[in-house]
Amino acid sequence: MKSWFLIAASCVCVHGWADARSDLSLRLTELRHLAADFTQRIEGAGGELIEESSGHVRLLPPRFRWEVTEPYSQVLIAADDELALYDPDLEQVTVRPLEDVLEDTPLALLTRGTAMLGDDYDVSRLDGERFSVRPRAGDALFDEIVLHFGGAGLLGIRIHDHLGQSTAIRFHGFGDASVIQSADFELIVPPGTDVY
């Protein structure tokens, strides 16, 4: 009798994972744009605040713009097969091929969506509209990503790394797709900026 219970429990778990994966895939497919402000908190393993920042995000998959305004200005743009990071204080831009830096990153989940949710990840529903994504490989860049959805779409992301640190991102001040312009995904820097 006990073995039948274990088999039934296994079937329920597999069915639950499949539902969570398909539900998350649907949410990511429906995420056709994101225009919002964000606050980001990085906390240590003991919950202590390491860094806090805020800014704006624009997402029109596969294009993405992440602009930090406080405490220090920084712009990250993913477009046209390149990822560019602009640091105005250092007067430099770092440009990398998108495929080289996108693998196994939270950014890939937003810009590639369901393409990233292959067999390399376990997906589960935590509660309500919160989903957990865990890589199966031990050498992944993160231990877990938790995505929180709601009526406005994607409300927040929490990223846990292997050192026990976590990054909590909360989105607010949502705008509709009309506020996203093509220029949002173009990086214009002052003359004299070093490009690497």
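Note that the coordinates shown come from a computational prediction; the quantities given were computed from them, not determined experimentally.

### Observations concerning the layout of surface pockets
Taking a probe equal in size to a water molecule and rolling it over the atoms shows the remaining empty space.
Inference 1: Taken as a whole, the largest pocket spans an internal volume of roughly 690 Å³.
Inference 2: Together, 26 residues line the largest pocket, and Q40, L76, P106, I159 and I169 are the ones closest to its centre.
Inference 3: Those elements that provide at least two residues to the lining of the largest pocket are β1 (34-43), β3 (63-70), β4 (74-79), β5 (82-87), α2 (98-102), α3 (106-111), β10 (153-160) and β11 (166-175).
Inference 4: Split into classes, the residues belonging to the lining of the largest pocket amount to 18 nonpolar, 7 polar and 1 charged.
Inference 5: Of the volumes computed, that of the second largest pocket is approximately 240 Å³.

### With respect to the pattern of salt bridges
Between side chains of opposite charge, a pair can form as their charged atoms come close.
Inference 1: Tallying each qualifying case throughout the model produces 12 salt bridges.
Inference 2: R58 serves as the salt-bridge partner of D184, at 3.9 Å between the closest nitrogen and oxygen. Placement of the pair is D184 in the loop between β11 and β12 (194-195) and R58 in strand β2 (residues 49-60), with a sequence separation of 126 residues.
Inference 3: By sharing partners, the salt bridges in this structure join D23, R27, R125 and E129 into a single network.

### Quick word on the pairing of β10
Inference 1: Strand direction decides the pairing type here: strand β9 (residues 144-150) and β10, joined by 7 bridges, are antiparallel. Directly across from G150, in β10, lies its bridge partner G153.
Inference 2: Here β9 hands over to β10 after 2 residues, the two strands then running antiparallel side by side.
Inference 3: Taking the residues between adjacent antiparallel strands as the criterion, β10 and β11 are bridged by 5 residues, where G164 takes a positive phi near 90°.

### Points about the packing of aromatic side chains
Inference 1: Taken as a whole, this structure holds 5 aromatic pairs when the rule is applied.
Inference 2: Residues Y121 and F142 carry aromatic rings whose centres are separated by 6.3 Å and whose planes lie at 5° to one another, so their mutual orientation is stacked. You can see Y121 sitting in strand β7 (residues 121-127) and its partner F142 sitting in the loop between β8 (130-135) and β9, a full 21 residues away along the chain. Each member of the pair, Y121 as well as F142, is classed as buried.
Inference 3: For the pair F131 and F149, a centre-to-centre distance of 6.1 Å together with 75° between the ring planes defines the contact as edge-to-face. Taken as a pair, F131 in strand β8 and F149 in strand β9 lie far apart in primary sequence, 18 residues in all.
Inference 4: The buried category is assigned to F149, whose relative accessible area is 6%.
Inference 5: Grouped by ring-pair contacts, the aromatic residues F38, F64, W66 and F171 constitute a single cluster.

Basis of the calculations
- Residues numbered from 1 in each chain as written.
- Predicted model: local features only at pLDDT ≥ 70, side-chain atom pairs only at ≥ 80, totals over all residues.
- Heavy atoms only, no water.
- 1 Å grid on protein atoms, 1.4 Å probe; cavity = no way out; pocket = protein on both sides within 12 Å on 5 of 7 lines; lining within 4 Å.
- Points joined across faces, edges and corners; volume = space filled by probe spheres on them.
- Helix = DSSP H or I, 4+ residues; strand = E, 2+ residues; numbered from the N terminus.
- Nonpolar A, V, L, I, M, F, W, Y, C, P; charged D, E, K, R; others polar.
- Salt bridge = Lys/Arg side-chain N within 4 Å of Asp/Glu carboxyl O.
- Pairing = 2+ DSSP bridges.
- Phe/Tyr/Trp six-rings, centres within 6.5 Å; stacked < 30°, edge-to-face > 60°.
- Buried < 20%, exposed > 50% of the residue type's maximum accessible area, 1.4 Å probe, protein only.

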